[in-house]
Amino acid sequence: MSSFRLGVSRVARQVRAPCVRNTRRYASDSHAPADHTHSAAGHGEHHHANAADANEELGTAFYVIFGAIPAFGALYYFSRPGEDGQPNSITKWLQKWEEHQEALADKNALVTAALEQAAHDKHLFYYVDQLRSGHYEMKYPEVFQHGSARNVPAGTYIPLDKVVEVYRKQHLDEEERKAKKLAAAN
């Protein structure tokens, strides 16, 4: 609606009666604009545009109004109900759009249900994982001592003597258990 108001205000400005404007008269030819030609007498020859010579373009408002008339005619034609009370073309188009929106809503509901199920399964697996011991044995304890021992700045590696002692003790206990089990089996 605002573009319609702008067009109407533009037409109103163009239709207003022109006010009398004072034109500037140049005192000499030295002040005249560059497009004036000089006659032999030294006086500028002034050209005045005739109404027939003026090539005025039609304003934007003309094209808006000229285009609005057939647009409103087409809108009226398509908004009329069909024969025997059938819905009009605009209603049919809106119903197709509504069916498309319903299909999208069904699709979104399925995706949402799948995401909720995935979240439920994820929480279930985390819960089962928490029921187990939170302690994981290291499969490869030498990972702490990887890397070259040369050209290492002091303080880069932390002392791992306590960690090594824990795993050494665990290994010895495991070997003792296996030896007892083997002795009991013989």
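- The protein chain has the name NADH-ubiquinone oxidoreductase 17.8 kDa subunit, mitochondrial in an unreviewed UniProt entry, where Neurospora hispaniola is given as its organism.

Some details on the overall build of the protein chain
Then step 1. Each helix and strand counted, the protein chain has four helices and two strands in total.
Then step 2. Reading the secondary structure of the protein chain in the N-to-C direction produces α-β-β-α-α-α.
Then step 3. Taking all 186 residues of the protein chain together, the buried fraction comes to 3%.
Then step 4. Long-range contacts, defined as pairs at least 24 residues apart, comprise 18% of the intrachain contacts of the protein chain with a sequence gap of at least 6.
Then step 5. Just so you have it, the protein chain exposes about 17900 Å², and 59% of that area is on carbon and sulfur atoms.

Concerning a nonpolar patch on the surface
Then step 1. Residues Phe72, Leu75, Tyr77, Phe78, Ile90, Trp93 and Leu94 make up a contiguous nonpolar surface patch of about 790 Å² in total accessible area.
Then step 2. Going through the elements one at a time, α2 (60-79) and α3 (89-131) are the ones with two or more residues in the nonpolar patch.
Then step 3. Take the nonpolar patch: its biggest share by element is four residues, from α2.
Then step 4. Inspection of the secondary structure assignment puts Trp93 in helix α3.

Reading guide: rules and limits
Residues numbered from 1 in each chain as written. Predicted model: local features only at pLDDT ≥ 70, side-chain atom pairs only at ≥ 80, totals over all residues. Heavy atoms only, no water. Helix = DSSP H or I, 4+ residues; strand = E, 2+ residues; numbered from the N terminus. Buried < 20%, exposed > 50% of the residue type's maximum accessible area, 1.4 Å probe, protein only. Contact = heavy atoms within 4.5 Å. Areas by Shrake-Rupley, 256 points an atom, 1.4 Å probe, with all protein chains shown as cover. Patch = residues over 30% accessible without salt bridge, like charges linked within 9 Å, V, L, I, M, F, W, Y side chains within 5 Å. Salt bridge = Lys/Arg side-chain N within 4 Å of Asp/Glu carboxyl O.

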